[in-house]
Amino acid sequence: MTDVPFTIVDVFAEQRFAGNQLMVCRPQAELSSDVMLAIAKEIHFSETTFLVSEKQSDGGYPVRIFTPRAEIPFAGHPTLGTAAVIQQECENTFQPTIRLNLAVGQIPVTFGENEDGLLWMQQNPPVFGAILPPSDLTAVTNLSIDQIDLRYPIQEVSTGLPTLILPLKTRTALQAMRVGPDLFLAWVEGRKAKTLFAFCPMESGQGFYARFFAHYFDIPEDPATGSANGSFAGYLVQHQVMGTEPIDTTVEQGQEIGRPSKLYLRAAASPNGVSTQVGGKVQPIAKGTISV
(Lines give C-alpha, C1' and ligand atoms only; values in the text may rest on other atoms or scores of the structure.)
Protein backbone atom coordinates (compact mmCIF):
# COMPACT_ATOMS: atom_id res chain seq x y z
CA MET A 1 0.00 0.00 0.00
CA THR A 2 1.23 3.48 -0.95
CA ASP A 3 0.15 6.83 0.46
CA VAL A 4 -0.31 9.53 -2.18
CA PRO A 5 -0.21 13.14 -0.89
CA PHE A 6 -3.03 15.38 -2.10
CA THR A 7 -4.26 18.94 -1.78
CA ILE A 8 -7.89 20.03 -2.24
CA VAL A 9 -8.62 23.52 -3.53
CA ASP A 10 -11.70 25.45 -4.65
CA VAL A 11 -11.12 27.04 -8.06
CA PHE A 12 -12.87 30.08 -9.54
CA ALA A 13 -14.04 30.75 -5.99
CA GLU A 14 -14.25 34.22 -4.48
CA GLN A 15 -14.32 32.58 -1.05
CA ARG A 16 -13.84 29.09 0.41
CA PHE A 17 -16.47 26.40 -0.12
CA ALA A 18 -17.53 27.82 -3.47
CA GLY A 19 -16.33 27.42 -7.04
CA ASN A 20 -15.21 24.06 -8.43
CA GLN A 21 -13.52 21.51 -6.19
CA LEU A 22 -10.22 20.01 -7.29
CA MET A 23 -8.01 17.31 -5.81
CA VAL A 24 -4.35 17.59 -6.84
CA CYS A 25 -2.37 14.39 -6.25
CA ARG A 26 1.41 14.38 -6.00
CA PRO A 27 2.40 10.70 -6.23
CA GLN A 28 5.96 9.98 -5.16
CA ALA A 29 6.02 6.82 -7.29
CA GLU A 30 4.55 6.03 -10.69
CA LEU A 31 0.83 5.28 -10.77
CA SER A 32 -0.94 3.43 -13.56
CA SER A 33 -3.73 5.07 -15.53
CA ASP A 34 -6.18 2.61 -13.98
CA VAL A 35 -5.18 3.65 -10.46
CA MET A 36 -5.46 7.35 -11.35
CA LEU A 37 -8.94 6.76 -12.75
CA ALA A 38 -9.92 4.78 -9.65
CA ILE A 39 -8.87 7.69 -7.43
CA ALA A 40 -10.85 10.14 -9.58
CA LYS A 41 -13.91 7.89 -9.32
CA GLU A 42 -13.50 7.59 -5.55
CA ILE A 43 -13.25 11.35 -4.99
CA HIS A 44 -15.84 12.11 -7.69
CA PHE A 45 -15.03 15.76 -8.20
CA SER A 46 -15.48 17.09 -11.73
CA GLU A 47 -11.75 16.48 -12.21
CA THR A 48 -8.75 15.18 -10.29
CA THR A 49 -5.20 15.95 -11.40
CA PHE A 50 -1.93 14.09 -11.01
CA LEU A 51 1.43 15.83 -10.95
CA VAL A 52 3.41 13.14 -12.73
CA SER A 53 6.72 14.62 -11.67
CA GLU A 54 7.81 17.53 -9.52
CA LYS A 55 10.74 18.02 -11.92
CA GLN A 56 10.12 20.23 -14.92
CA SER A 57 10.47 19.01 -18.50
CA ASP A 58 10.81 21.53 -21.34
CA GLY A 59 10.08 24.27 -18.83
CA GLY A 60 6.79 22.80 -17.58
CA TYR A 61 5.35 20.34 -15.08
CA PRO A 62 3.80 17.14 -16.51
CA VAL A 63 0.17 16.83 -15.40
CA ARG A 64 -2.65 14.41 -16.20
CA ILE A 65 -6.35 15.20 -15.76
CA PHE A 66 -9.12 12.68 -15.01
CA THR A 67 -12.88 12.98 -14.70
CA PRO A 68 -14.69 10.19 -12.83
CA ARG A 69 -15.14 8.52 -16.21
CA ALA A 70 -12.01 9.11 -18.29
CA GLU A 71 -8.76 10.96 -18.80
CA ILE A 72 -9.18 14.20 -20.73
CA PRO A 73 -6.60 16.29 -22.62
CA PHE A 74 -7.48 19.66 -21.07
CA ALA A 75 -9.70 21.33 -18.52
CA GLY A 76 -9.57 24.83 -17.15
CA HIS A 77 -10.16 24.67 -13.41
CA PRO A 78 -7.70 21.74 -13.01
CA THR A 79 -5.07 23.76 -14.85
CA LEU A 80 -5.52 26.84 -12.66
CA GLY A 81 -5.82 24.88 -9.41
CA THR A 82 -2.84 22.61 -10.11
CA ALA A 83 -0.65 25.60 -10.91
CA ALA A 84 -1.63 27.17 -7.57
CA VAL A 85 -0.68 23.98 -5.72
CA ILE A 86 2.65 23.73 -7.56
CA GLN A 87 3.41 27.34 -6.61
CA GLN A 88 2.79 26.56 -2.93
CA GLU A 89 4.17 23.03 -2.68
CA CYS A 90 6.92 22.66 -5.29
CA GLU A 91 8.54 26.06 -5.81
CA ASN A 92 11.07 27.42 -3.31
CA THR A 93 10.47 31.00 -4.41
CA PHE A 94 7.50 32.76 -5.99
CA GLN A 95 7.27 32.22 -9.75
CA PRO A 96 5.23 34.71 -11.83
CA THR A 97 4.41 31.95 -14.34
CA ILE A 98 3.88 28.20 -13.89
CA ARG A 99 3.64 26.08 -17.04
CA LEU A 100 1.78 22.79 -17.20
CA ASN A 101 2.56 20.15 -19.82
CA LEU A 102 -0.85 18.74 -20.71
CA ALA A 103 -2.03 16.45 -23.49
CA VAL A 104 -3.05 19.53 -25.53
CA GLY A 105 0.38 21.10 -25.10
CA GLN A 106 2.02 23.47 -22.65
CA ILE A 107 -0.37 25.88 -20.91
CA PRO A 108 1.05 28.85 -18.95
CA VAL A 109 -0.61 30.13 -15.79
CA THR A 110 0.40 33.58 -14.58
CA PHE A 111 -0.04 34.93 -11.08
CA GLY A 112 -1.49 38.41 -10.68
CA GLU A 113 0.94 41.24 -10.22
CA ASN A 114 -1.52 43.04 -7.94
CA GLU A 115 -3.08 41.89 -4.67
CA ASP A 116 -6.29 40.75 -6.40
CA GLY A 117 -5.40 37.06 -6.05
CA LEU A 118 -6.24 36.28 -9.66
CA LEU A 119 -4.49 33.56 -11.65
CA TRP A 120 -4.68 33.65 -15.45
CA MET A 121 -4.29 30.83 -17.95
CA GLN A 122 -3.52 31.42 -21.61
CA GLN A 123 -5.54 28.86 -23.56
CA ASN A 124 -4.96 27.57 -27.06
CA PRO A 125 -6.66 29.59 -29.83
CA PRO A 126 -10.27 28.45 -30.18
CA VAL A 127 -11.29 26.29 -33.11
CA PHE A 128 -14.82 26.99 -34.39
CA GLY A 129 -16.77 23.97 -35.57
CA ALA A 130 -20.25 22.91 -36.58
CA ILE A 131 -23.27 25.20 -36.23
CA LEU A 132 -26.49 23.49 -35.18
CA PRO A 133 -30.12 24.51 -35.80
CA PRO A 134 -32.07 25.60 -32.70
CA SER A 135 -34.55 22.76 -33.17
CA ASP A 136 -31.76 20.29 -32.30
CA LEU A 137 -31.59 21.66 -28.74
CA THR A 138 -35.18 22.05 -27.60
CA ALA A 139 -35.85 18.46 -26.51
CA VAL A 140 -32.43 18.05 -24.89
CA THR A 141 -32.68 21.26 -22.84
CA ASN A 142 -36.45 21.41 -22.18
CA LEU A 143 -36.50 24.87 -23.74
CA SER A 144 -38.53 26.43 -26.54
CA ILE A 145 -37.00 28.08 -29.60
CA ASP A 146 -38.39 31.39 -28.29
CA GLN A 147 -35.98 31.17 -25.33
CA ILE A 148 -32.88 30.81 -27.56
CA ASP A 149 -31.13 33.98 -28.68
CA LEU A 150 -31.21 33.53 -32.44
CA ARG A 151 -28.91 36.50 -33.08
CA TYR A 152 -25.95 34.23 -32.40
CA PRO A 153 -25.12 30.70 -33.57
CA ILE A 154 -25.33 27.48 -31.59
CA GLN A 155 -21.78 26.35 -32.29
CA GLU A 156 -19.15 23.81 -31.34
CA VAL A 157 -15.98 25.57 -30.11
CA SER A 158 -12.79 24.13 -28.65
CA THR A 159 -9.63 25.40 -26.98
CA GLY A 160 -8.68 21.79 -26.25
CA LEU A 161 -11.96 20.16 -25.22
CA PRO A 162 -14.91 20.79 -27.58
CA THR A 163 -18.13 22.19 -26.17
CA LEU A 164 -21.39 23.33 -27.75
CA ILE A 165 -22.22 26.95 -26.94
CA LEU A 166 -25.91 27.80 -26.62
CA PRO A 167 -27.01 31.46 -26.42
CA LEU A 168 -30.17 32.16 -24.39
CA LYS A 169 -32.16 35.36 -24.05
CA THR A 170 -32.69 35.55 -20.30
CA ARG A 171 -31.60 34.15 -16.96
CA THR A 172 -35.11 32.78 -16.52
CA ALA A 173 -34.49 30.58 -19.57
CA LEU A 174 -31.09 29.56 -18.25
CA GLN A 175 -32.54 28.58 -14.89
CA ALA A 176 -35.36 26.66 -16.60
CA MET A 177 -32.96 24.33 -18.43
CA ARG A 178 -33.39 20.65 -17.61
CA VAL A 179 -30.87 18.33 -19.23
CA GLY A 180 -31.77 14.68 -18.76
CA PRO A 181 -28.84 12.25 -18.92
CA ASP A 182 -30.43 9.71 -21.28
CA LEU A 183 -31.47 12.29 -23.87
CA PHE A 184 -28.14 14.07 -23.52
CA LEU A 185 -26.02 10.94 -24.00
CA ALA A 186 -28.03 9.96 -27.07
CA TRP A 187 -27.76 13.49 -28.43
CA VAL A 188 -23.94 13.73 -28.18
CA GLU A 189 -23.43 10.36 -29.88
CA GLY A 190 -21.29 10.97 -32.95
CA ARG A 191 -20.64 14.64 -32.14
CA LYS A 192 -17.25 16.18 -31.45
CA ALA A 193 -18.64 18.23 -28.58
CA LYS A 194 -19.67 16.02 -25.67
CA THR A 195 -20.58 18.94 -23.40
CA LEU A 196 -23.05 21.83 -23.43
CA PHE A 197 -22.34 25.41 -22.31
CA ALA A 198 -25.37 27.73 -22.12
CA PHE A 199 -25.13 31.45 -21.40
CA CYS A 200 -27.19 34.60 -21.15
CA PRO A 201 -26.32 38.26 -20.49
CA MET A 202 -26.64 39.71 -17.01
CA GLU A 203 -29.50 42.14 -16.59
CA SER A 204 -26.96 44.89 -15.91
CA GLY A 205 -25.15 44.17 -19.17
CA GLN A 206 -21.88 43.91 -17.21
CA GLY A 207 -21.23 40.19 -17.64
CA PHE A 208 -22.84 36.80 -18.23
CA TYR A 209 -24.46 33.89 -16.43
CA ALA A 210 -23.67 30.35 -17.57
CA ARG A 211 -24.38 26.68 -16.94
CA PHE A 212 -22.40 23.65 -18.13
CA PHE A 213 -23.55 20.05 -18.59
CA ALA A 214 -21.26 17.05 -19.14
CA HIS A 215 -23.16 13.81 -18.50
CA TYR A 216 -20.83 12.11 -20.98
CA PHE A 217 -17.96 12.57 -18.48
CA ASP A 218 -20.16 11.64 -15.51
CA ILE A 219 -20.56 15.31 -14.56
CA PRO A 220 -24.29 16.18 -14.55
CA GLU A 221 -23.61 19.91 -14.04
CA ASP A 222 -20.28 21.62 -13.46
CA PRO A 223 -20.05 24.64 -11.14
CA ALA A 224 -17.15 26.35 -12.97
CA THR A 225 -15.67 25.34 -16.31
CA GLY A 226 -12.45 27.03 -17.41
CA SER A 227 -12.08 25.22 -20.73
CA ALA A 228 -15.63 26.01 -21.86
CA ASN A 229 -15.30 29.61 -20.72
CA GLY A 230 -12.13 29.91 -22.79
CA SER A 231 -14.10 28.70 -25.80
CA PHE A 232 -16.85 31.14 -24.84
CA ALA A 233 -14.38 34.03 -24.68
CA GLY A 234 -13.34 33.20 -28.24
CA TYR A 235 -17.00 32.94 -29.25
CA LEU A 236 -17.69 36.42 -27.85
CA VAL A 237 -14.97 37.89 -30.07
CA GLN A 238 -15.73 35.76 -33.14
CA HIS A 239 -19.41 36.76 -33.18
CA GLN A 240 -19.03 40.29 -31.75
CA VAL A 241 -21.49 39.51 -28.96
CA MET A 242 -20.27 42.46 -26.90
CA GLY A 243 -20.02 44.75 -29.91
CA THR A 244 -16.36 45.59 -29.34
CA GLU A 245 -13.08 43.82 -28.77
CA PRO A 246 -10.79 43.16 -27.04
CA ILE A 247 -13.17 41.91 -24.38
CA ASP A 248 -12.71 41.99 -20.61
CA THR A 249 -15.70 40.52 -18.80
CA THR A 250 -16.88 38.07 -16.13
CA VAL A 251 -19.04 34.96 -16.00
CA GLU A 252 -20.98 33.72 -12.99
CA GLN A 253 -21.65 29.98 -12.98
CA GLY A 254 -22.73 27.35 -10.46
CA GLN A 255 -25.49 29.21 -8.60
CA GLU A 256 -28.09 26.63 -9.62
CA ILE A 257 -26.18 23.86 -7.83
CA GLY A 258 -25.07 25.79 -4.77
CA ARG A 259 -21.44 26.39 -5.82
CA PRO A 260 -21.28 30.04 -6.91
CA SER A 261 -18.28 30.68 -9.12
CA LYS A 262 -16.76 33.66 -10.86
CA LEU A 263 -14.57 33.50 -13.96
CA TYR A 264 -12.74 36.41 -15.58
CA LEU A 265 -12.41 36.44 -19.37
CA ARG A 266 -10.09 38.33 -21.70
CA ALA A 267 -9.92 37.80 -25.44
CA ALA A 268 -8.86 39.59 -28.59
CA ALA A 269 -8.30 38.85 -32.25
CA SER A 270 -4.69 38.06 -33.12
CA PRO A 271 -2.74 36.94 -36.20
CA ASN A 272 -2.93 33.34 -34.94
CA GLY A 273 -6.65 33.39 -34.23
CA VAL A 274 -8.43 34.59 -31.10
CA SER A 275 -6.18 34.94 -28.06
CA THR A 276 -8.09 33.90 -24.92
CA GLN A 277 -7.31 34.11 -21.21
CA VAL A 278 -9.40 32.79 -18.33
CA GLY A 279 -8.78 33.97 -14.77
CA GLY A 280 -10.00 33.18 -11.30
CA LYS A 281 -9.14 32.77 -7.65
CA VAL A 282 -8.03 29.57 -5.91
CA GLN A 283 -8.90 28.86 -2.28
CA PRO A 284 -6.94 26.19 -0.29
CA ILE A 285 -9.21 23.74 1.54
CA ALA A 286 -7.43 20.58 2.77
CA LYS A 287 -4.34 18.39 2.64
CA GLY A 288 -3.88 14.69 3.29
CA THR A 289 -2.96 11.34 1.79
CA ILE A 290 -4.95 8.70 -0.03
CA SER A 291 -3.91 5.04 0.13
CA VAL A 292 -3.61 3.05 -3.08
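Everything numeric in this text was worked out from a predicted model, so none of it was measured.

**Some details on unusual backbone geometry**
Logical step 1: Of the consecutive residues Glu245 and Pro246, the connecting peptide bond is found in the cis state with omega at 10°.
Logical step 2: Mapped onto the fold, Pro246 is located in the loop between helix H6 (226–238) and strand S15 (247–253).
Logical step 3: Its identity as a non-glycine residue notwithstanding, Phe12 has a phi of 60°, on the positive side.
Logical step 4: Assignment of secondary structure puts Phe12 in the loop between strand S1 (3–11) and strand S2 (20–25).

**A few points about the pattern of salt bridges**
It is possible for side chains of opposite charge to pair when their charged atoms get near one another.
Logical step 1: On inspection of all chains with the given rule, the structure shows 10 salt bridges.
Logical step 2: Its salt-bridge partner being Glu89, residue Arg26 comes within 3.6 Å of it at the nearest N-O pair. Of this pair, Arg26 sits in the loop between S2 and helix H1 (33–43) while Glu89 sits in helix H2 (residues 76–89), and the two are 63 residues apart along the sequence.
Logical step 3: Residue classification places Arg26 among the buried positions, given a relative accessible area of 14%.
Logical step 4: One salt bridge connects Asp136 with Arg191, and the closest N-O pair in it is separated by 3.9 Å. Placement of Asp136 in the loop between strand S9 (127–132) and helix H3 (138–141) and of Arg191 in the loop between helix H5 (181–188) and strand S12 (196–201) is noted, with a sequence separation of 55 residues between them.
Logical step 5: Shared partners join several salt bridges into a network, and the residues in it are Arg26, Glu54, Glu89 and Lys287.

**A short note on the nonpolar core**
Logical step 1: Counting residues in each nonpolar core, the largest one holds 54 residues, and the members touching the most others are Phe12, Met121, Phe197, Phe199, Phe232 and Tyr235.
Logical step 2: Examining the composition of this core, we find that six residues originate from one element, H6, more than from any other.
Logical step 3: Membership of the second largest hydrophobic core comes to 23 residues, among which are Leu132, Ile148, Leu168 and Leu174.

**Some points on the side chain of Glu91**
Logical step 1: Looking at where Glu91 falls in the secondary structure, it is placed in the loop between H2 and strand S6 (97–102).
Logical step 2: Buried within the structure, Glu91 lacks any salt-bridge partner; Arg99 is the closest side chain of opposite charge, at an N-O distance of 9.4 Å.
Logical step 3: Within the structure, Glu91 has its side chain in polar contact with the side chain of Tyr61 (distance 2.5 Å).
Logical step 4: With near-sequence residues (within four places) excluded, Glu91 lies in contact with Gln56, Tyr61, Ile86 and Ile98.

**Focus on the pairing of strand S17 (residues 273–280)**
Here is the key point about a regular strand: its side chains alternate between the two faces of the sheet.
Logical step 1: Bridging between strand S8 (residues 119–123) and S17 involves five bridges; their strand directions are antiparallel. Counted as the bridge partner of Leu119 is Gly280 from S17.
Logical step 2: Alignment of strand S16 (residues 261–270) against S17, held across seven bridges, turns out to be antiparallel. Among the inter-strand pairings, Ser270 is bridged to a residue of S17, identified as Gly273.
Logical step 3: Hairpin connection, S16 to S17: the antiparallel pair is bridged by two residues.

Rules and cut-offs
Residues numbered from 1 in each chain as written. Predicted model: local features only at pLDDT ≥ 70, side-chain atom pairs only at ≥ 80, totals over all residues. Heavy atoms only, no water. Helix = DSSP H or I, 4+ residues; strand = E, 2+ residues; numbered from the N terminus. Salt bridge = Lys/Arg side-chain N within 4 Å of Asp/Glu carboxyl O. Buried < 20%, exposed > 50% of the residue type's maximum accessible area, 1.4 Å probe, protein only. Core = buried A, V, L, I, M, F, W, Y, C linked by side-chain atoms within 4.5 Å. Lys, Arg positive; Asp, Glu negative; His and termini not counted. Polar contact = N/O pair within 3.5 Å; in protein donor to acceptor, adjacent residues only side chain to side chain. Contact = heavy atoms within 4.5 Å. Pairing = 2+ DSSP bridges.

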